[in-house]
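# Breakdown of the fold
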Amino acid sequence: MTVTVDRARCIGCGMCAAAVPEVFRITEGACAVLAQPEKQREGRVFDAANGCPVNAISARR
């Protein structure tokens, strides 16, 4: 799985970081990907991407 964040679109709400802190962190007012997710966390990452209020997260297999 490859996860990316469009930092220009991100509003820094922190929902993704709360859902999967091992993968996402809010830095400088926007989300950053810390590491690509392990297989067992892919479901949570997809949930975070789908829950992003501005569709700034892309998660692809």
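Structural notes, computed from the coordinates.

What counts and how
- Residues numbered from 1 in each chain as written.
- Predicted model: local features only at pLDDT ≥ 70, side-chain atom pairs only at ≥ 80, totals over all residues.
- Heavy atoms only, no water.
- Buried < 20%, exposed > 50% of the residue type's maximum accessible area, 1.4 Å probe, protein only.
- Helix = DSSP H or I, 4+ residues; strand = E, 2+ residues; numbered from the N terminus.
- Arc of directions from axis to C-beta.
- Contact = heavy atoms within 4.5 Å.
- Salt bridge = Lys/Arg side-chain N within 4 Å of Asp/Glu carboxyl O.
- Core = buried A, V, L, I, M, F, W, Y, C linked by side-chain atoms within 4.5 Å.

Now for helix α2 (residues 42-51). One full turn of an α-helix is made of 3.6 residues, so residues set three or four places apart face in the same direction. Of the residues making up α2, those classed as buried are Glu 42, Val 45, Ala 48 and Ala 49. Down the axis of α2, the sector holding all buried residues measures 120 degrees, keeping them to one side. Residues of α2 that are exposed and point over 90 degrees away from its buried face: Asp 47 and Asn 50. Of the surrounding elements, those touching the buried residues of α2 are β1 (2-5), α1 (15-19), β2 (24-27) and β4 (57-60).

For the structure on display, the rule yields five salt bridges. With a shortest N-O distance of 3.1 Å, Glu 22 and Arg 44 are connected by a salt bridge. With a gap of 22 residues between them, Glu 22 in the loop between α1 and β2 and Arg 44 in helix α2 connect regions that are remote in the sequence. The class for Arg 44 is partly exposed, based on a relative accessible area of 34%. Notably, a salt bridge pairs Lys 39 with Glu 42, separated by 3.9 Å at the nearest N-O pair. Lys 39 gets classed as exposed once you look at its relative accessible area, which sits at 64%. Within the structure, one salt-bridge network assembled from shared partners comprises Glu 22, Glu 38, Arg 41 and Arg 44.

Moving on, we get to the nonpolar core. If you look at the biggest cluster of nonpolar residues, it comprises 17 residues, and the most contacted ones within it are Phe 24, Val 45 and Ile 57. Residue assignment for this core shows that the elements contributing at least two residues are β1, α1, β3 (30-33), α2 and β4. With three residues, the single largest contributor to this core is α2. In contact with Ile 57, not counting residues within four places along its chain, are Val 3, Thr 4, Val 5, Cys 16, Phe 24, Ala 48, Ala 49 and Cys 52.

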